[in-house]
Amino acid sequence: MVNNWTGELIYEGKAKRVYRVNDEFLVMEFKDEVTAFDGARKEHAPSKGRLAAAQTVFLMGLLGRYGIRNHLVDWDGDRKILVRGLRMIPIEVIVRNYAYGSFLKRMPLMKPMTKFSKPIVEFHLKSDELHDPLITMDDIIEAGLANWGQINEIINTALRVNEVLGNYMVSRGLTLVDFKLEFGSDGSNNLVLADELSGDTMRVLINGRHLDKELFRRGASAMDLVKSYEEMNKLLGIPLNT
Ligand code: ADP
Ligand code: CDP
């Protein structure tokens, strides 16, 4: 395998470092850090990188078994994953099952945690500076970020991801409130699900209690968040070292 779990550091984001292995593969290293409010609150969070990597590996694996193409290739069993390097579409795709978070800010007419009649898929421009503004499909087309075929495929894939993850969560006694996806395209222009699926990018409840990064957004310590991610992994049935 190409994988020696290293390479040239090409990007450092809020949650991960990205290394270029070769033309085809990247290594992503999940940091032991937690940030909120576009990086304004940031704390060291020992073990968080491994826990979020394990969540991503487990959930991407689950989606893969349902035929949902994603970038995951391998895991070092700790904080690094090997992925296919993609041309990223600079859009955050959010799927919502219940009214929460920024949805309530723009639609205060609805009560928190109202279940939607059907899942909502929305698009945000990936831009920390602009706080990831909500954008329309026409905006995406006019800016040349994706074509209609890709937009349709993104929506269908996002809904399928919601179905697979949501059903799995229910089978474990959990509620999937909402989550964020990112997509890229590979050398053959196939749409591929990328980035991560973890407590940082989804809201997951057990009996109405958050297991996800919402805890940190609401003031919990980084250590308490790590404990909660440990609980999430246990509840999801994620073995410590798979
Ligand atoms: P952010 O940039 O939001 O701070 P991260 O710290 O998670 O986020 O950094 C990871 C970066 O890697 C993100 O910019 C994400 O879009 C990008 N990325 C995720 N998966 C892939 C992939 N398969 N190929 C190329 N880039 C990717
Ligand atoms: O977190 P906030 O209330 O600002 O945003 P949201 O639009 O309600 O977030 C919807 C879902 O997407 C939540 O599960 C967030 O964790 C996730 N998200 C993310 O992973 N990254 C972002 N930049 C924004 C939201």
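Here's a quick rundown of the structure. In this convention, every chain numbers its residues from 1, walking through the sequence in written order. The naming scheme follows written order: chains are lettered A onward, ligands numbered 1 onward. pLDDT decides what is reported in this predicted model: residues at 70 or higher carry local features, side-chain atom pairs at 80 or more are listed and counted, and totals for whole chains, interfaces and linings draw on all residues regardless. Derived side-chain values reflect all non-hydrogen atoms in the structure, with water molecules and hydrogen atoms excluded from consideration.

A few points about the packing of helix α1 (residues 48-65) against helix α4 (residues 148-171)
Right, so step 1: Here α1 crosses α4 at 115°, and the two axes come no closer than 10 Å. Once α1 is placed against α4, the crossing between them reads as right-handed. The segment α1 lies against α4, with F58, L59, L62 and L63 engaging V161, V164, L165 and Y168.
Right, so step 2: Throughout, the ten residues Ala, Val, Leu, Ile, Met, Phe, Trp, Tyr, Cys and Pro are labelled nonpolar, Asp, Glu, Lys and Arg are labelled charged, and all others, Gly among them, are labelled polar. Taken together, the residues of the contact of α1 with α4 sort by class into eight nonpolar, no polar and no charged. An axis is simply a line fitted to the C-alpha atoms; with a helix, the fit covers only the stretch in contact. Between two such axes, the angle follows the N-to-C directions and lies from 0 to 180 degrees. Numbering of helices and strands runs from the N terminus; a helix is a DSSP stretch of H or I covering at least four residues, while a strand is a stretch of E covering at least two. Definitions for this section: a left-handed crossing has its near helix turned counterclockwise from the far helix by less than a right angle. A right-handed crossing has that turn clockwise. Here, two residues are considered to be in contact whenever any of their heavy atoms come within 4.5 Å of each other.

Quick look at the side chain of T201
Right, so step 1: As for its position among the elements, T201 is in the loop between β13 (191-194) and β14 (202-206).
Right, so step 2: With residues near it in sequence (within four places) discarded, T201 still touches D178, F179, K180 and E196.

Some thoughts on the side chain of E196
Right, so step 1: Considering the arrangement of structural elements, one finds E196 in the loop between β13 and β14.
Right, so step 2: Assessed through its relative accessible area of 3%, E196 is described here as buried.
Right, so step 3: For this analysis, a polar contact is any N or O atom pair within 3.5 Å, provided that within protein one partner can donate a hydrogen and the other can accept it, and provided that sequence-adjacent residues contribute only side-chain to side-chain pairs. For E196, the side chain forms a polar contact with the side chain of K16, separated by 2.8 Å.
Right, so step 4: Polar side-chain contacts of E196 include one of 2.6 Å to the side chain of S198. Note on classification: 1.4 Å probe, protein chains only; a residue is buried when its accessible area is under 20% of the maximum for its type, exposed when over 50%, partly exposed between these limits.

Quick look at the pattern of salt bridges
Right, so step 1: A carboxyl oxygen of Asp or Glu within 4 Å of a side-chain nitrogen of Lys or Arg is what we treat as a salt bridge. Overall, the coordinates contain 26 salt bridges when judged by the stated rule.
Right, so step 2: Taking the shortest distance from any N to any O, the salt bridge between K180 and D195 comes out at 3.2 Å. Of this pair, K180 sits in strand β12 (residues 174-185) while D195 sits in the loop between β13 and β14, and the two are 15 residues apart along the sequence. Judged on exposure class, the residue K180 and its partner D195 are both buried.
Right, so step 3: Here R218 ties to E214 by a salt bridge, and the two come within 3.6 Å at their closest N and O atoms.
Right, so step 4: Salt bridges here are not isolated pairs; linked through shared partners, they connect R96, R106, E122, D178, R203, E214, R217 and R218.

Focus: the site of ligand 1
Right, so step 1: Here a residue counts as near a molecule or strand whenever at least one of its heavy atoms sits within 4 Å of it. Around ligand 1 sit 18 residues in total, of which Y11, K14, A15, K16 and E182 are the nearest.
Right, so step 2: Here E182 contributes a side-chain N or O atom positioned 2.6 Å from an oxygen atom of ligand 1.
Right, so step 3: Accessible surface is estimated by sampling points in the Shrake-Rupley manner with a 1.4 Å probe; for residues, cover comes only from the protein chains shown. Relative to its unbound accessible area of 560 Å², ligand 1 is 88% covered by the protein chains.
Right, so step 4: Breaking the shell around ligand 1 down by element, the ones donating at least two residues are β2 (16-20), β3 (25-30) and β7 (80-84).

A look at the packing of α1 against helix α6 (residues 222-236)
Right, so step 1: At a closest axis distance of 10 Å, the pairing of α1 and α6 adopts a crossing angle of 25°. On the basis of their axis angle, the class for α1 and α6 is roughly parallel. In the crossing of α1 with α6, the sense of the turn from one axis to the other is left-handed. Residues K48, L51, A54, Q55 and F58 of α1 lie in contact with α6, whose contacting residues are V226, Y229, E230, M232, N233 and L236.
Right, so step 2: Its residues assigned to classes, the contact of α1 with α6 shows seven nonpolar, two polar and two charged. The scheme is simple: roughly parallel for angles under 35 degrees, roughly antiparallel for over 145, roughly perpendicular for 65 to 115, oblique for anything else.

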